[in-house]
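So you can see what is in the structure, the chains are spelled out below.
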Amino acid sequence: MSSDEQPAAPRSLAEALRAQDDAFLAALLRGRPDLITPLPGDLTQLATRAGTRASVVRALERLDRFALQTAEALAVAGEPATYAELLVLMAGDERDPAVVDALPRAVATLRAQALVWGGDSRLRLVRTARELLSPSPQHPSPTGLGPTVQEAAAGMSPGRIQTIVATAGLRSTPDGVSAVAALTALFSDRERMSELLAGLPYDSLDVLDRLVWGPPYGQVTHDPAPRLRLLLDRGLLLPTAPGTVVLPREVALHLRGGRAHRTPEPVPPPVEAAGVHAPQTADATAAGQAYLALATVEELLQHWDEGGPAVLRAGGLSVRDLKRTANALDVPEPEAAFWIELAYAAGLLASDGEADERYAATPEYDVWRELPAPQRWAQLAEAWLTGTRTPGLIGGRDAKDRALTALGPGLDRSSAAEVRHRVLTLLARLPAGVAPAVESLLSRLRWERSSRGPQQEGDLRERLARWTLAEAERLGVTGRGALGAPGRALIGEPLGPPAPEEPAADADGVPAGPGDKLPVRHRPPAEAQPLTPAEQAAAAEEAARVLAPLMPEPVDHVLLQADLTAVAPGPLERPLADLLGVLADVESKGGATVYRFTPGSVRRALDSGRTASDLQSLLAAHSRTPVPQPLAYLIDDVARKHGHLRIGTATAYVRSDDDALLDEILADRRSEGLRLRRLAPTVAATQVTPAVLLEGLRAMGHAPAAESPDGDVLIARTDSHRTPPRTPPEPVPEGPPLPDATLLGAAVRAIRAGDEAATTPRPPAPQPQAEGDLPRTSPAETLASVQAAVLTGESLWLGYVNAEGTASRRVVAPIRVEGGYVTAYDHTADEVRKFSLHRVTGVADLPEE
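Thresholds applied
Residues numbered from 1 in each chain as written. Predicted model: local features only at pLDDT ≥ 70, side-chain atom pairs only at ≥ 80, totals over all residues. Heavy atoms only, no water. Helix = DSSP H or I, 4+ residues; strand = E, 2+ residues; numbered from the N terminus. Rg over C-alpha atoms; globule rule 2.2 N^0.38 Å. Areas by Shrake-Rupley, 256 points an atom, 1.4 Å probe, with all protein chains shown as cover. Salt bridge = Lys/Arg side-chain N within 4 Å of Asp/Glu carboxyl O. Buried < 20%, exposed > 50% of the residue type's maximum accessible area, 1.4 Å probe, protein only. Pairing = 2+ DSSP bridges. Axes fitted to C-alpha atoms, helices over the stretch in contact; angles between N-to-C directions. pLDDT = per-residue confidence, 0-100. Contact = heavy atoms within 4.5 Å. Polar contact = N/O pair within 3.5 Å; in protein donor to acceptor, adjacent residues only side chain to side chain.

1. Here we look at the overall build of the protein
- Across its full length, the protein holds 33 helices and 26 strands.
- On C-alpha atoms alone, the protein measures out to a radius of gyration of 38 Å, which is more than a quarter above the 29 Å that the 2.2 N^0.38 rule sets for 849 residues.
- Along the longest, intermediate and shortest principal axes, the C-alpha atoms of the protein span 125 × 75 × 60 Å.
- As displayed, the protein has an accessible area near 40,500 Å², and 54% of this comes from carbon and sulfur atoms.

In structure tokens, the structure reads:
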């Protein structure tokens, strides 16, 4: 193709986007979802939105470290820059091979994010990104570079500049502009700069060495030392303010060997192995943890079945109630807080909303309990992965120094879901069965997302990553630190062929061991993002399917033992689990659960409406061993006493056919607090409530039963208290939701159609003919014309009606369109003004003459 047949270079980001295909636009909208809400009308609007400050800041924050270093290098390069110039800034004169290999990918990433446009001969950084990344005294650049000679000499007198030119050995020039250009050319010429520096003494060069990598500013007195005077006279240091000098950018780049960064990081840090296990071992361990997770959540909600702890006035759970729950679950308090928050995130736990507000299970819990175990686990794991509530913060303080409590406000962190997904994705990149070293994983995360914000944001991401590893192990997403097969399915990763039995091997076939650096496959940024809600739901279903064969099958029997215990050799079927949950107390959990029968647990089963014969027959039917005699005696003994005392409302009374039993109770000193008064040989009354009377008599060793006003025994059910229907807490998004493939396709088609309509040649807008005539265009045409003028720098006729209703026409040069206003240089008033778009009657092109 001849040179005159080459396609013209794009003049704006909009033109560059117009030349791209639909796949590129779809990837851009997925990588920067803020651009799609609201939907741009055409590519010009898309380009304008992509250049707004908020959108550019968000895009820069999502770059990996080397891509961000590349953008920072472009910000200190010329405008536009060539790829060769950028290569020198990144790889230096020695052409670091790793940087040379990685730079095309970094430039492609910046182009894919619409932060850079233009061909390799005219690379342009989006204007807003250049403003954010360019060095200034208020906002130093991470490169450590200072202003150019032209920028630093802007406030110097022409005479002083000519003196510097002469001292540097250059010919005098007719004006200050050409003098600055000559000085810039000298400092940019490697050979002449080497000669200039060779004539300086060591102590002057030492000053330059201290400033070369930044910060480039230094302080001098009104009478500088000779070593500084030599540098000032030759322009190697330029004054920027009284007592302050700066090392010009061109000088620093020469001293650095052309490099913009002291330490380019083209390659992500490798992830090291902390342990290597057979994949089957990791999967089995993860499945075991998943089973324990389900048992723990069930135990928690059964513990709160009759109404859990009270809700604090400010919301959340008190420290005392958290300790009690941790003791009941036999776990540390941070782990108890995690299970509580997990049940809340899954919609299984909420406040009941009553006057005396308490936490309790929701109706969704009853539905969840009836699901197969793999589906129950998948529901918990999905709620954890996509939620933004962060249990690790519990026990700390918020920005206003208020305590952060379980189930309380202030625990949402919008980046939690993204960090969890990214940590699991990195684990999925390792060979099956490999557990990563935590510090190497954190280093990788820091490289992938170089925080430009406050230091606290980076610290929070690291803490979120550490919490993710611990929580994933508790939940059974990982086993022995390695990602299990269900965990891979949970994040949408393909499982691939079955893993071999032997330990993972490196690329040369050598088995990997602790401390080995393992390759982590690179994925484009768009593919590494969290899944859409529909994709995540499908992934959760797949995770349940993968987990099913790994979990033990429910059993329908137990082993009764003579020491009043029962051993469940695996997870129990629901009816049997419910029976033992009422009839016995859990003594130990694990692969085999041990239940213990006590007088209190048997009484609890009798209170629920069972009879002694029912309990005996049910145990005999579900035990592989005969019912031991001590257990049969225990059930019969408790049943024989059960119901001999009846309690009702009078405020409360106690009655018994055995008047000797009432004599015993009244004579017992422990009954003094109940304030019982005998009304008849078989009846005694009290002012305390029936519930208090029940608990008091049970504490004395009796087994009373509550009765209704009709004299019938009241049956107490442990699952009677439920909250009204509740929805799970909504995650706090870090940004706009990710669009799915259907939405992306429709958005690209709509933008293309709008762009075609906007770029179709239209009849020229009528020019104002008389002084009173105003340009008339539709609001859409007005916005498109003004946005185009911002990009091209052209001036327009603008018709405007001010707040007093006075109409005028003006010649303006638009600068920015944002928030319903156009900021423009008003040639008529010779000043920069803001115009409300809704008051603009229309715009028209200026005549060519």
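2. Digging into the pattern of salt bridges
- One pass over the structure, following the stated rule, counts 44 salt bridges.
- The shortest N-O distance in the salt bridge between R429 and E493 comes to 3.1 Å. Taken together, the positions of R429 in helix 21 (residues 416-429) and E493 in the loop between helix 24 (485-490) and strand 12 (517-518) put the pair 64 residues apart, joining distant regions of the chain. In this pair, the class of R429 matches that of E493, namely buried.
- For the salt bridge of R810 with D826, the shortest nitrogen-to-oxygen distance reads 2.7 Å. Linking R810 in strand 23 (residues 807-818) with D826 in strand 24 (residues 821-826), this pair joins segments that are 16 residues apart in sequence. Per residue, the accessibility class of R810 equals that of D826, and both read buried.
- Connected through shared salt-bridge partners, R603, D607, E695 and R698 make up one network.

3. Thoughts on the sheet that holds strand 15 (residues 585-588)
- Pairing in this open sheet of 4 strands is antiparallel, and the strands run 13-14-16-15 from one edge to the other. Looking at strand neighbours, the two that pair on one side only are strand 13 (559-561) and strand 15, the edges of this open sheet. Sheet twist, expressed as the mean angle between neighbouring strand axes with direction ignored, is 30°.
- Relative to strand 14 (residues 565-568), strand 13 runs antiparallel, the two being bridged by 3 bridges. Within the sheet, the bridge partner assigned to L559 lies in strand 14 and is V567.

4. Quick word on the confidence of the model for the protein
- Averaged over all residues, the pLDDT of the protein is 84; the fraction at 70 or higher stands at 91%.
- In the predicted structure, residues 497-527 sits below a pLDDT of 50 and forms 56 contacts with residues beyond four places in sequence or in another chain.

5. Focus on the side chain of T173
- Structurally, T173 is set in the loop between helix 10 (158-167) and helix 11 (176-188).
- At 3.0 Å, the side chain of T173 and the backbone oxygen of D175 are in polar contact.
- Among the polar contacts listed, one links the side chain of T173 to the backbone nitrogen of A179, at a separation of 3.3 Å.
- T173 has contacts with Q162, S178, A179 and A182, leaving out every residue within four places of it along the chain.

6. What about the pairing of strand 24?
- The pairing of strand 23 with strand 24 spans 6 bridges and is classified as antiparallel. In the sheet register, P814 faces strand 24, and the bridge partner there is A824.
- Counting the residues that bridge the hairpin from strand 23 to strand 24 gives 2 residues, and of these G819 lies at a positive phi of roughly 65°.
- By the bridge criterion, 6 bridges tie strand 24 to strand 25 (residues 831-836) in an arrangement that is antiparallel.

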